[in-house]
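Residue-level listing of the chains:
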Amino acid sequence: MRIIIKEDYCKGCSLCIAFCPQEIIQLANRLNRNGYRPAEVLDQNKCTSCAACARMCPDSVISVFRPEKNKIKAS
């Protein structure tokens, strides 16, 4: 699983934090280029790919990439 946050466009609204069932997102201690504290992922390995964070983001700055399922080759 992989969460990508476009930090320069994040306004730090914290909706992703409130809706993450794994509680792995927080606001960074640094500011982005627009003066906001962007969201950041604490532990990518704990992500379950539910994409709640991406669905709640009003600015669509979060992308969640799910692992590919093992493809079974037909013989």
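For the structure, check the block above.
These lines cover the structure that appears in this document, whether it is placed above or below.

What counts, and where the lines are drawn
- Residues numbered from 1 in each chain as written.
- Predicted model: local features only at pLDDT ≥ 70, side-chain atom pairs only at ≥ 80, totals over all residues.
- Heavy atoms only, no water.
- Helix = DSSP H or I, 4+ residues; strand = E, 2+ residues; numbered from the N terminus.
- Rg over C-alpha atoms; globule rule 2.2 N^0.38 Å.
- Buried < 20%, exposed > 50% of the residue type's maximum accessible area, 1.4 Å probe, protein only.
- Core = buried A, V, L, I, M, F, W, Y, C linked by side-chain atoms within 4.5 Å.
- Contact = heavy atoms within 4.5 Å.
- Phe/Tyr/Trp six-rings, centres within 6.5 Å; stacked < 30°, edge-to-face > 60°.
- Lys NZ or Arg CZ within 6 Å of the ring centre and 35° of its normal.

## Focus: the overall build of the protein
Here comes step 1: The helix and strand tally for the protein stands at 2 helices and 4 strands.
Here comes step 2: From first element to last, N terminus to C terminus, the protein shows the α and β order β-α-β-β-α-β.
Here comes step 3: Relative to its length of 75 residues, the protein is extended, with a C-alpha radius of gyration of 14 Å against a globular reference of 11 Å.
Here comes step 4: Projecting the C-alpha coordinates of the protein onto the three principal axes gives extents of approximately 55 × 20 × 20 Å.

## Thoughts on unusual backbone geometry
Here comes step 1: Non-glycine residue Ala51 carries a positive phi angle of around 65 degrees.
Here comes step 2: Mapped onto the fold, Ala51 is located in the loop between β3 (39–41) and α2 (52–56).
Here comes step 3: Judged by its relative accessible area of 14%, Ala51 falls in the buried class.
Here comes step 4: Positive phi, close to 50 degrees, is recorded for Ser60, a residue that is not glycine.

## So, the nonpolar core
The tendency in soluble globular proteins is for nonpolar side chains to be buried as a group.
Here comes step 1: Counting 15 residues, the largest nonpolar core has Ile3, Ile25 and Ile62 as its most contacted members.
Here comes step 2: Of all elements in the fold, only β1 (2–5) and β4 (62–65) reach the threshold of two or more residues within this core.
Here comes step 3: Apart from the residues within four sequence positions on either side, Ile62 is in contact with Ile3, Ile4, Ile5, Cys16, Cys53, Ala54 and Cys57.

## Considerations on the packing of aromatic side chains
Here comes step 1: A complete count under the given rule lists 0 aromatic pairs for this structure.
Here comes step 2: Taking NZ or CZ as reference, Arg33 lies 5.0 Å from the ring centre of Tyr9, over its face.

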